[in-house]
Structures are given as C-alpha cells and as structure tokens.
Amino acid sequence: MTTAELTRLGEELGIDVVGAAAARPYDETERAIRQRRARGLFADMRFTMAKPEVSCHPETLLPDARTVVSAALCYYAPGPEAEAGEGRLPRYTWADHYAELREKLERLGARLGGRYRVLVDANQHVDREGAARAGVGFYGKNTMMITRTHGSWVVLGTLVTDVEIESSAPLELDCGSCTLCIEACPTGALDEPGVVDSTKCLSYWTQAPDAIPEPYRDELGAQVYGCDICQDVCPWNRGIEKRRADREPPAGAEPAVSLLDWLRLPDEELRDRYARLYFPRNDPRYLRRNALVAAGNSADSTLVEAVREYAEGDDELLREHAEWALSRLERR
Ligand code: B12
Ligand code: SF4
Ligand code: SF4
C-alpha cells in the first residue's frame with residue numbers, strides 16, 4: 001500500500017493525520033527512557049517506562065510485524081471557563097477521545113487486512129515516537145507531538161500490522177527559536193527543552209498516588225486534572241484554534257466538573273462517571289484530593305461544609321489536603 005492510499009483511508013475513517021514507518025526498534029527512545037528513569041525524571045511512573053524493552057520495540061508486538069501506522073485525532077473545541085464551584089478538566093478529557101481513536105484504528109486494521117494490533121495510550125508502546133517516525137508530527141520543546149495541521153491538540157494511537165505499507169516522510173519542522181512553553185510552565189518542568197521533569201509537572205501530580213506538594217497546589221488553581229498550559233501558549237496551535245472557533249464541543253463533553261460532586265458522590269459513582277480518566281488503582285480518592293486543592297483555591301464558601309467533612313475524616317491524605325483547603329477558605 002502507498003502512503004497516498006493510506007492517507008485516503010485515514011480520511012475516510014475520520015482520522016486527522018496518519019502515517020506509516022517500518023516496525024523497527026526505537027533505540028534512542030529506549031536510551032532516553034533508561035537515562036531519565038535513572039535521573040528520577042519519571043517519579044514513580046510505570047506506564048511505558050517499566051519495560052522499555054517492550055514499549056520501544058514495535059517489531060515484537062506482533063508476529064512478523066512490518067509496519068507501524070500512527071494516527072492522530074484532533075480534540076480541540078472551544079469551551080467555557082470554569083465557573084464558581086467548578087473544577088477545570090484538560091481538553092483531551094472533555095470526552096473519551098482515546099475510545100474514539102481506538103475504534104477508528106480497529107476499522108482501519110480491518111480495511112488493511114492481515115494481522116494487526118491496536119495500541120492507544122497503552123503501556124506497551126511509546127506513541128509519540130511512532131508518530132515522529134511516521135511523519136505525523138514533530139517533537140516540540142514541551143515534548144508534545146505537534147502536527148502541521150492540528151498542532152498538538154491531538155491524541156495519538158498506533159496500529160502495528162504485518163502488512164507492508166510505504167513509509168511516510170518525517171516532518172522537517174521544529175520550534176525554531178520559540179521558548180514560550182518553557183517560560184509559561186509555572187513549575188519549571190520544561191527547563192531542559194524537550195524533556196519533562198515529571199516530578200515538577202502539574203499534570204503528573206494530579207495523577208500521582210501521593211500528596212500534592214504544597215508549592216504546586218496554588219499553581220493548580222481550578223484545575224482538577226491534567227494541565228494544558230504548555231499547549232495553550234504554543235503558536236503551532238493557533239491555526240486549528242481559529243479554524244474551530246465556532247465549533248461546539250462534542251455532545252456530552254465536560255470542560256468543567258462540579259467540585260461538590262467530586263467531594264460528595266459515592267465512590268462507585270465517581271469512579272464510573274470518570275472511567276475515562278487515569279487515576280491510581282482506580283481509586284476515586286485521588287480525584288477527591290484534586291477537588292480539595294481546587295476548593296482551597298476557589299474562595300467559594302459554599303464548599304466549606306464538604307471540605308470540613310474530610311478535615312474531620314480518617315483518610316490521612318484527604319484530611320491533610322482538606323485542612324490546607326480549609327485554612328485557605330477561612331482566610332478569604
Ligand atoms: C507517561 C505519560 C505522561 C507523563 C510523562 C510525560 C512525558 N513527557 O514523558 C505525564 C503524566 C507527565 C504526562 C502528561 C501529559 N500527557 Co501524557 N503520556 C504518557 C505516556 C503514557 C507515555 C509517555 C512516554 O513514554 N514518555 C517517555 C519519553 C521518552 O517520551 P518523550 O518525552 O516523548 O521523549 C522524546 C522527547 O524527549 C524527544 N527529545 C529528546 N531530546 C529532545 C530535545 C528537544 C529540543 C526536543 C524538541 C525533543 C527531544 O525524544 C524523546 C524520544 O526519543 C503517553 C502514552 C504512550 N503510551 O505513549 C502519554 C502521552 C504522551 N500524553 C499525552 C498527553 C495528551 C499528555 C498531556 C497533554 C495531558 C494533560 N493535558 O495534562 C500532558 C502533557 C505534559 C507534557 N508536556 O508532556 C499524549 C500526547 C499527545 C501529543 N500530541 O503529543 C500521549 C501520547 C497519550 C496519547 N496516546 O495521546 N504524560
Ligand atoms: S503540563 Fe503544565 S506543568 Fe507539565 S510541563 Fe506542561 S505546563 Fe508544565
Ligand atoms: S511553545 Fe514554542 S517552543 Fe514550545 S512547543 Fe510550541 S513552538 Fe515549540
């Protein structure tokens with residue numbers, strides 16, 4: 001199959017950018033993972049870092065693997081700011097875009113024929129390296145994969161197949177002299193351009209199985225999950241933002257959540273409603289921890305009662321975050 005045929009197939013299936021590369025080891029990425037792990041830059045994350053001997057070896061993911069097909073699905077839609085009593089979600093979580101991309105890649109695999117395996121945000125494959133090799137995008141200094149047409153507002157997915165597909169040309173683009181994301185990152189997590197220090201990244205802390213360090217709580221503001229700051233400032237994102245300025249978010253999209261819901265819904269309900277988000281061990285107390293931080297940053301007195309219940313509770317992690325939030329709410 002030629003790259004032109006693959007592009008046409010991608011368009012038919014509603015995939016925004018698609019490309020192909022030979023299924024060969026990602027040697028440099030494997031080295032980068034091992035070095036960064038040794039430097040402690042991944043905190044205690046496992047994901048693709050636990051077994052780089054797998055996640056950087058697409059040739060092992062399928063018998064006779066020949067080609068890595070990388071696909072990007074744009075999720076950008078304008079949305080309202082969070083209001084009083086609300087927590088803000090990062091754009092990629094407003095709807096379940098991973099599920100949508102997974103489904104499109106399954107259909108692509110069926111159309112290609114042969115044997116295939118779909119991996120979207122899976123621990124067994126480093127999605128951004130596949131995308132770089134397949135010409136889907138280039139690495140920004142914020143480490144995001146930036147596409148020419150949809151900027152970095154894309155989720156990435158991968159299909160490994162035993163079908164031979166012509167390789168796409170890599171994108172010969174880069175950030176030039178821009179440093180906007182490095183300057184905008186509130187915690188200095190991008191001080192080494194092209195490398196995230198996860199121990200300083202707000203997105204990491206909202207997903208970590210630990211207390212959020214105090215200096216980062218202020219910086220989170222109303223954000224209850226993830227962080228979009230290093231993408232919000234990126235000039236490569238201006239084009240798609242303009243083109244989609246009048247577009248409605250997809251039906252059921254959730255740009256903001258009720259902090260009271262995150263504090264008061266029963267465990268089961270909170271877990272099920274936010275199954276599209278990653279949180280450690282599927283334990284919704286980590287979402288509640290994040291909501292307590294946003295409540296502390298909110299100056300919203302209607303939240304005091306719910307926060308106080310945690311300050312008097314016996315979950316040590318939540319009690320400490322609630323005490324912090326309460327001291328802030330009472331000061332305001
Ligand atoms: C672990 C993880 C995280 C961690 C660590 C992120 C990181 N930078 O590694 C945390 C929790 C912090 C995180 C946060 C986010 N993530 Co995340 N994450 C992952 C995951 C599961 C693995 C990433 C990985 O393997 N990293 C390992 C290192 C080696 O990768 P890397 O940083 O890309 O390394 C390359 C660059 O450093 C480059 N490089 C080296 N030197 C230099 C020098 C220069 C100058 C440059 C430009 C580049 C460069 O080469 C390396 C590769 O060889 C992937 C899903 C997957 N299965 O791949 C999603 C993924 C990377 N995340 C994604 C998203 C959307 C996010 C967030 C935007 C979510 C949010 N809104 O909060 C933030 C963005 C933070 C950021 N700036 O990266 C998307 C990215 C889509 C895209 N367009 O790039 C992915 C691909 C999920 C998906 N399938 O769509 N994430
Ligand atoms: S996601 Fe936020 S905290 Fe993390 S590197 Fe980007 S701007 Fe910094
Ligand atoms: S903000 Fe500038 S430096 Fe950062 S990724 Fe975008 S173009 Fe590159």
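(A) Main features of the site of ligand 2. With respect to spatial proximity, the complete set of residues near ligand 2 consists of Cys185, Thr187, Ala189, Leu190, Cys201, Leu202, Cys227, Ile229 and Cys230. Class assignment for the residues of the shell around ligand 2 results in eight nonpolar, one polar and no charged.

(B) Spotlight on the pattern of salt bridges. In this structure the tally under the stated criterion is 22 salt bridges. Taking the shortest distance from any N to any O, the salt bridge between Arg288 and Asp267 comes out at 2.7 Å. On the criterion of sequence distance, the pair formed by Arg288 in helix 13 (residues 285-296) and Asp267 in helix 12 (residues 267-273) is long-range, its members being 21 residues apart. We classify Arg288 as buried; its relative accessible area is 5%. Each of the salt bridges in this network shares a partner with another, and the network as a whole consists of Glu30, Arg34 and Glu53.

(C) The side chain of Asp127, seen in detail. Position of Asp127 relative to the elements: it lies in helix 5 (residues 127-133). One buried charged residue, Asp127, remains without a salt bridge, the closest side chain of opposite sign being Arg102 at 8.4 Å. At 3.0 Å, the side chain of Asp127 forms a polar contact with the side chain of Thr158. Beyond its immediate chain neighbours, meaning those up to four positions away, Asp127 contacts Leu119, Val120, Asp121, Ala122, Leu156 and Thr158.

(D) Here's a closer look at the site of ligand 1. Near ligand 1 there are 40 residues, and of these Arg36, Thr48, Met145, Gly194 and Ser203 occur at the shortest range. With respect to ligand 1, the backbone of Asp127 contributes an N or O atom lying 2.9 Å from an oxygen atom. The separation between an oxygen atom of ligand 1 and a polar main-chain atom of Leu156 is 2.8 Å. At the level of elements, helix 2 (27-38), helix 5, strand 7 (154-161), helix 7 (202-207) and helix 9 (229-232) are the ones that each hand at least two residues to the shell around ligand 1.

(E) Summary view of unusual backbone geometry. One non-glycine residue, Ala43, adopts positive backbone phi at about 50°. By the element assignment, Ala43 lies in the loop between helix 2 and helix 3 (52-55). A residue is classified by how much of its surface remains accessible, and Ala43, at 35% relative accessible area, is partly exposed. One non-glycine residue with positive phi stands out, namely Asn282, at about 55°. Its location among the elements puts Asn282 in the loop between helix 12 and helix 13. By relative accessible area, which is 44% here, Asn282 ends up partly exposed.

(F) Molecular detail of the packing of aromatic side chains. Applying the stated criterion to the full structure yields seven aromatic pairs. What links up through ring pairs into an aromatic cluster is the set Tyr75, Tyr76 and Trp153. The ring centre of Trp153 lies 5.3 Å from the NZ or CZ of Arg91, which sits over that ring. Over the face of the ring belonging to Trp324 we find Arg217, whose NZ or CZ atom lies 5.4 Å from the ring centre.

(G) Seen up close, the confidence of the model for the protein chain. The predicted model of the protein chain averages 97 in pLDDT, with 100% of residues at 70 or higher. Least confident of the elements in the protein chain is helix 15 (residues 316-331), whose mean pLDDT is 96; most confident is strand 6 (residues 145-146), at 99.

(H) Spotlight on helix 2. Given a rise of 1.5 Å per residue, twelve residues ought to cover 16 Å, and the 17 Å separating the end C-alpha atoms of helix 2 matches this to within 8%. All of the buried residues along helix 2 are Thr29, Glu30, Ala32 and Ile33. Considered in projection along helix 2, the buried side chains sweep an arc of 160° and stay on one side of the axis. In this structure, helix 2 carries Glu28 and Ala38 as exposed residues pointing more than 90 degrees from its buried face. In the core, the buried residues of helix 2 are packed alongside helix 3 and helix 5. After helix 2 finishes, the residue Gly40 shows a positive phi value of roughly 80°.

Cut-off values and rules
Residues numbered from 1 in each chain as written. Chains lettered and ligands numbered in written order. Predicted model: local features only at pLDDT ≥ 70, side-chain atom pairs only at ≥ 80, totals over all residues. Heavy atoms only, no water. Near = heavy atom within 4 Å. Nonpolar A, V, L, I, M, F, W, Y, C, P; charged D, E, K, R; others polar. Salt bridge = Lys/Arg side-chain N within 4 Å of Asp/Glu carboxyl O. Helix = DSSP H or I, 4+ residues; strand = E, 2+ residues; numbered from the N terminus. Buried < 20%, exposed > 50% of the residue type's maximum accessible area, 1.4 Å probe, protein only. Lys, Arg positive; Asp, Glu negative; His and termini not counted. Polar contact = N/O pair within 3.5 Å; in protein donor to acceptor, adjacent residues only side chain to side chain. Contact = heavy atoms within 4.5 Å. Phe/Tyr/Trp six-rings, centres within 6.5 Å; stacked < 30°, edge-to-face > 60°. Lys NZ or Arg CZ within 6 Å of the ring centre and 35° of its normal. pLDDT = per-residue confidence, 0-100. Expected span 1.5 Å × (residues − 1). Arc of directions from axis to C-beta.

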